[in-house]
Amino acid sequence: MTAVLNGIFEPGLFTSEPVRVAVVVGGAVALVSAVVGVFTVIRGQSFAGHSLGDLGTTGGSAAFLVGANPLWGFITFAIIGAGAMELFGSRRPRGRDMATGIVLGAGLGIAALFLYLGTTQDNTTGATITILFGSMFVLRASMIPVFAVLSVLALAIVALLYRPLLLSAVSQDVASARGVPVRTVGLLYLLAMAVAVSLSCVTIGAILSTAVLIGPAAAALRLTKRPGLAIAWAAVIGLGVTWIGILLAYDSYYWPPTGRGWPVSFFVVALVLVVYLLSDFASHRQARRAGAQAMAARKGLGGAAGGQPEGIRARGAR
Amino acid sequence: MFSGIMANAWIVATMVAVVAGVVGFFTVLRGSAFVAHAVPQAGFAGAAGASLIGASTLAGLGIFAVISALSIGFLGKRGRHDAVTALALVFMLGLGALFLSWSDQYASAIYALLFGEVLGVSSNQVLATAGLGVVSLLAVATLYRPLLLASVMPEVAQARGVGTRRMEMGFLIVVALATTMSVPVVGALLMFSLMIGAPGTARSFTDRPLGALGLSIGLSLTIVWIAIAASYETDWPVGFFVGVLGAVFFVAGRGWVAWQRSGAARQDGDGHPATGPVPLATAKGTSVEPT
């Protein structure tokens with residue numbers, strides 16, 4: 001029994017300081033991202049969420065260049081990016097998509113410049129990789145209070161805007177008719193997302209940032225259509241994938257090629273994808289069964305028309 | 001500036017700009033900027049994997065780009081398109097991170113894959129780029145009319161028997177092809193900037209599809225040429241100039257629209273500028289309509 005446990009939880013896992021910090025900070029960040037992410041997915045702003053992370057990366061490289069704390073670089077640039085997206089964007093999805101793309105393109109270009117200037121100055125190309133991919137095991141415990149305050153801030157904005165956010169996600173026209181300031185709500189939400197994404201980017205890297213923002217939320221929304229329940233599901237999934245990811249990454253130190261350790265980001269994204277596919281499969285089966293039952297009830301036939309609900313769902317998803 | 005290695009850079013960049021202008025036109029029309037961002041980055045993971053096992057980078061890139069494009073298309077059928085794109089993107093990047101952690105590649109090689117190395121293009125690469133570029137242009141030419149219809153008015157396209165799903169898949173594969181062609185020479189990030197900046201700007205100036213397409217190619221060429229010249233002079237990365245020029249042009253285009261609109265409003269007093277012959281008018285509004 002102990003042998004099995006030792007096989008799963010490699011010795012030293014619970015006493016290692018970096019692992020403990022990674023579990024606490026990674027878990028907190030995943031939790032915040034998952035909650036914020038539910039609205040990102042409902043509002044169809046995954047691209048913006050991902051772009052804010054990449055823009056944060058630009059800020060991170062700027063901070064690296066001037067020798068400042070990367071976190072402030074990430075947050076400043078993500079907030080500027082959020083503002084620019086809102087400024088160029090229009091209410092329609094394609095206009096928003098375009099604005100996000102332009103801001104992201106400019107941001108990436110500037111990141112290229114900063115990284116180039118930074119690396120020619122001190123010849124440390126490794127920084128590029130750390131900034132882009134992040135590493136959960138390089139967190140410092142002294143940053144935890146700052147992270148906590150910012151996480152609470154992001155969650156508070158989302159909690160305050162809960163109803164108007166959902167309403168304007170469903171129908172902007174209805175929301176404006178009811179007196180919701182749609183643009184202000186949109187901008188505030190982008191800002192909350194910018195803070196959440198910067199936090200996750202600086203701790204777990206740009207890849208994982210998008211993964212924990214979108215993955216758990218998208219999976220949760222396949223499981224349930226009720227926003228409150230989806231938030232709970234997303235939080236559970238987000239925490240689960242992050243912690244299991246950390247555990248596997250720690251274990252993988254003894255996997256081939258030996259002595260390297262596989263990146264945490266790989267495990268987390270793989271888990272996220274698996275969870276999403278499973279929940280997608282579950283929701284699909286459920287829908288098919290419900291559809292078949294409805295058919296049978298209406299027509300008095302057996303559930304022979306399995307293909308029908310799929311067509312309806314596909315159209316409804318557009 | 002135009003001799004030796006630089007000659008290759010100019011040729012390759014010109015080809016990439018033309019393809020980016022054409023493919024980007026449809027990307028912007030369909031609101032698929034995220035896909036245009038995700039597929040090249042997925043290709044980057046493939047390139048990292050290929051270099052790990054010592055295979056051709058181009059093959060790895062192509063295979064991963066096509067796989068990610070197809071899985072986005074396939075999963076997007078049911079879930080939200082953007083969320084699925086994000087998932088495919090992060091999974092591919094995660095794979096890339098895994099491959100990189102295994103390999104002993106220098107970080108600078110990775111930097112080149114992301115940000116491009118247009119100033120160090122070999123003659124072999126020129127041939128490969130040209131071949132793939134021709135294929136993607138041919139694919140777009142074949143799909144042109146149905147793809148245009150399916151992008152602007154999906155309902156009408158469906159009513160006329162154009163399979164919007166098939167067009168979606170076709171478009172995704174074209175993006176994957178264009179990616180494979182361009183990433184080894186210009187990098188994953190620069191390709192994205194090109195595919196969005198120039199076509200996005202072009203849409204501000206004209207409503208006619210062919211006009212916008214031509215303008216998109218022209219702007220894309222302008223951006224690339226200025227960027228290479230500036231990069232040659234300053235030694236700064238090409239990607240910086242492409243990204244920033246794209247944004248500057250886009251803002252200029254939006255300014256032009258706003259100026260025209262206010263002029264038209266003054267002229268006929270009802271605030272609605274007369275729209276052109278139309279087919280694209282509905283779609284155009286999507287990017288320029290103020291709220």
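Residues numbered from 1 in each chain as written. Chains lettered and ligands numbered in written order. Predicted model: local features only at pLDDT ≥ 70, side-chain atom pairs only at ≥ 80, totals over all residues.

A separate point is the overall build of chain B. On a plain count of helices and strands, chain B comes out with 12 helices and zero strands. For chain B, the sequential pattern of α-helices and β-strands runs α-α-α-α-α-α-α-α-α-α-α-α. Of all intrachain contacts in chain B linking residues separated by at least 6 positions in sequence, the fraction that spans at least 24 positions is 77%. (Helix = DSSP H or I, 4+ residues; strand = E, 2+ residues; numbered from the N terminus. Contact = placed C-beta atoms within 7 Å.)

Okay, the nonpolar core next. If you look at the biggest cluster of nonpolar residues, it comprises 192 residues, and the most contacted ones within it are Ala234(A), Leu87(B) and Val175(B). Sort the elements by how many residues they give to this core and helix α10 (residues 182-223) of chain A lands first, with 24 residues. Sequence-distant contacts of Leu87(B), defined by excluding residues within four places in its chain, comprise Ile214(A), Gly215(A), Ala218(A), Val272(A), Leu273(A) and Tyr276(A). (Core = buried A, V, L, I, M, F, W, Y, C linked by C-beta atoms within 7 Å. Buried ≥ 20, exposed ≤ 12 C-beta atoms within 10 Å, placed from the backbone.)

What follows is about the packing of helix α3 (residues 46-66) of chain A against helix α4 (residues 70-88) of chain A. Residues and elements named next belong to chain A. At a closest axis distance of 7 Å, the pairing of α3 and α4 adopts a crossing angle of 135°. One way to sum up the angle between α3 and α4 is to call them oblique. In this structure, α3 meets α4 at a crossing whose hand is right-handed. Contacts from Ala 48, Ser 51, Leu 52, Leu 55, Gly 56, Thr 58, Gly 59, Gly 60, Ala 62, Ala 63 and Phe 64 in α3 reach Pro 70, Trp 72, Gly 73, Phe 74, Thr 76, Phe 77, Ala 78, Gly 81, Ala 82 and Met 85 in α4. Taken together, the residues of the contact of α3 with α4 sort by class into 13 nonpolar, eight polar and no charged. (Axes fitted to C-alpha atoms, helices over the stretch in contact; angles between N-to-C directions. Parallel < 35°, antiparallel > 145°, perpendicular 65-115°, else oblique. Left-handed = near helix turned anticlockwise from the far one by under 90°. Nonpolar A, V, L, I, M, F, W, Y, C, P; charged D, E, K, R; others polar.)

Residues and elements named next belong to chain A. Summarising the model, chain A shows a mean pLDDT of 78, and 79% of its residues fall at 70 or more. Ranking the elements of chain A by mean pLDDT puts helix α13 (residues 307-317) last with 40 and helix α11 (residues 227-251) first with 90. Scored below 50 in pLDDT, residues 302-318 makes 19 contacts in the model with residues more than four places away or belonging to other chains. (pLDDT = per-residue confidence, 0-100.)

For the rest of this paragraph, the subject is the packing of helix α8 (residues 162-170) of chain A against α10(A). Residue and element names in this part refer to chain A. The geometry of α8 relative to α10 is characterised by a closest axis approach of 10 Å and an angle of 110° between their N-to-C directions. In terms of their interaxial angle, α8 and α10 are classed as roughly perpendicular. As for how α8 packs across α10, the hand of that crossing is left-handed. Contact residues: Pro 164, Leu 165 and Ser 168 in α8; Val 182, Val 185, Gly 186 and Tyr 189 in α10. Its residues assigned to classes, the contact of α8 with α10 comprises five nonpolar, two polar and no charged.

Residue and element names in this part refer to chain B. In this model, chain B carries a mean pLDDT of 80, and residues with pLDDT of at least 70 account for 82%. The least confident element of chain B is helix α12 (residues 281-288), whose mean pLDDT is 41; the most confident is helix α10 (residues 209-234), at 89. Low pLDDT, under 50, characterises residues 270-291; the stretch is placed with 41 contacts to residues that sit more than four places away or in other chains. Reported for the predicted complex are a pTM of 0.81 and an ipTM of 0.81.

Let us look at α10(B). Residue and element names in this part refer to chain B. Across its 26 residues, α10 extends 37 Å between first and last C-alpha, which sits within 8% of the 38 Å expected from 1.5 Å per residue. All of the buried residues along α10 are Ala 212, Leu 213, Leu 215, Ser 216, Ile 217, Leu 219, Ser 220, Ile 223, Val 224, Ala 227 and Ile 228. Asp 235 lies just past α10 and shows a positive phi near 75°. (Expected span 1.5 Å × (residues − 1).)

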